[in-house]
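# Structural features, examined
Residue-level listing of the chains:
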Amino acid sequence: QAIRHDLQLSISETPAGLAGEFEFATDIFDASTASRLAESYQKLLLRILANPEISLGDLRGSLDRDGLRRQREKRDELEKESVKKLKEVRRKVVRG
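Here goes a summary of the coordinates provided. Everything numeric here is computed off the predicted structure, so don't read it as measured data.

## So, helix α2 (residues 56-95)
Relative to the 58 Å expected for 40 residues at 1.5 Å per residue, α2 spans 58 Å between its end C-alpha atoms, a close match to the ideal helical length. Along α2, the positions that sit buried rather than exposed are L59, G61, S62, D66 and G67. The inward-facing, buried residues of α2 abut α1 (31-50).

## Some words on the layout of surface pockets
In this structure, the largest pocket encloses a volume near 310 Å³. Surrounding the largest pocket, 13 residues form its lining, L18, G20, Y41, Q42 and L45 being those nearest its centre. The dominant element in the lining of the largest pocket, judged by the number of residues it contributes, is α1, at 6 residues. A class-by-class count of the residues in the lining of the largest pocket yields 10 nonpolar, 2 polar and 1 charged.

## Considerations on the pairing of strand β2 (residues 17-24)
Bridging between strand β1 (residues 7-14) and β2 involves 8 bridges; their strand directions are antiparallel. Across the sheet, residue S10 finds its bridge partner in β2, namely E21. Between β1 and β2, which follow one another and run antiparallel, lie 2 residues.

## Remarks on the pattern of salt bridges
Side-chain pairs of opposite charge can arise where the charged atoms are in close proximity. Per the stated rule, a full pass over the model turns up 6 salt bridges. Of the charged contacts in the structure, one is a salt bridge between E79 and R75, with a shortest N-O distance of 3.8 Å. Residue E79 and its partner R75 are both found in helix α2; the two are separated by 4 residues, about one turn of the helix. Given the relative accessible area of 44%, E79 is considered partly exposed. Several salt bridges share partner residues, and in doing so they unite R75, D76 and E79 into one network.

Parameters and conventions
- Residues numbered from 1 in each chain as written.
- Predicted model: local features only at pLDDT ≥ 70, side-chain atom pairs only at ≥ 80, totals over all residues.
- Heavy atoms only, no water.
- Helix = DSSP H or I, 4+ residues; strand = E, 2+ residues; numbered from the N terminus.
- Expected span 1.5 Å × (residues − 1).
- Buried < 20%, exposed > 50% of the residue type's maximum accessible area, 1.4 Å probe, protein only.
- Contact = heavy atoms within 4.5 Å.
- 1 Å grid on protein atoms, 1.4 Å probe; cavity = no way out; pocket = protein on both sides within 12 Å on 5 of 7 lines; lining within 4 Å.
- Points joined across faces, edges and corners; volume = space filled by probe spheres on them.
- Nonpolar A, V, L, I, M, F, W, Y, C, P; charged D, E, K, R; others polar.
- Pairing = 2+ DSSP bridges.
- Salt bridge = Lys/Arg side-chain N within 4 Å of Asp/Glu carboxyl O.

As structure tokens, then:
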């Protein structure tokens, strides 16, 4: 089924509360990216619910901090993978 937009969020009311569904163009987004977007949107809504008086500037600042934290986590993960691969290559060279 083709979607009309690259990324679409549908929200509906259910007996249990609100339910949301992301649809996305798979040639642009992968499932992990869509999942991250959904998680970020949920965090945004929860922050607003927890503090309805929050200014847009403060809200943006907290989202920016989250983004920087995710970047650091990703960088650390990539560094660990690189070190692991380097050690494997060194072992092969030493054994070879």
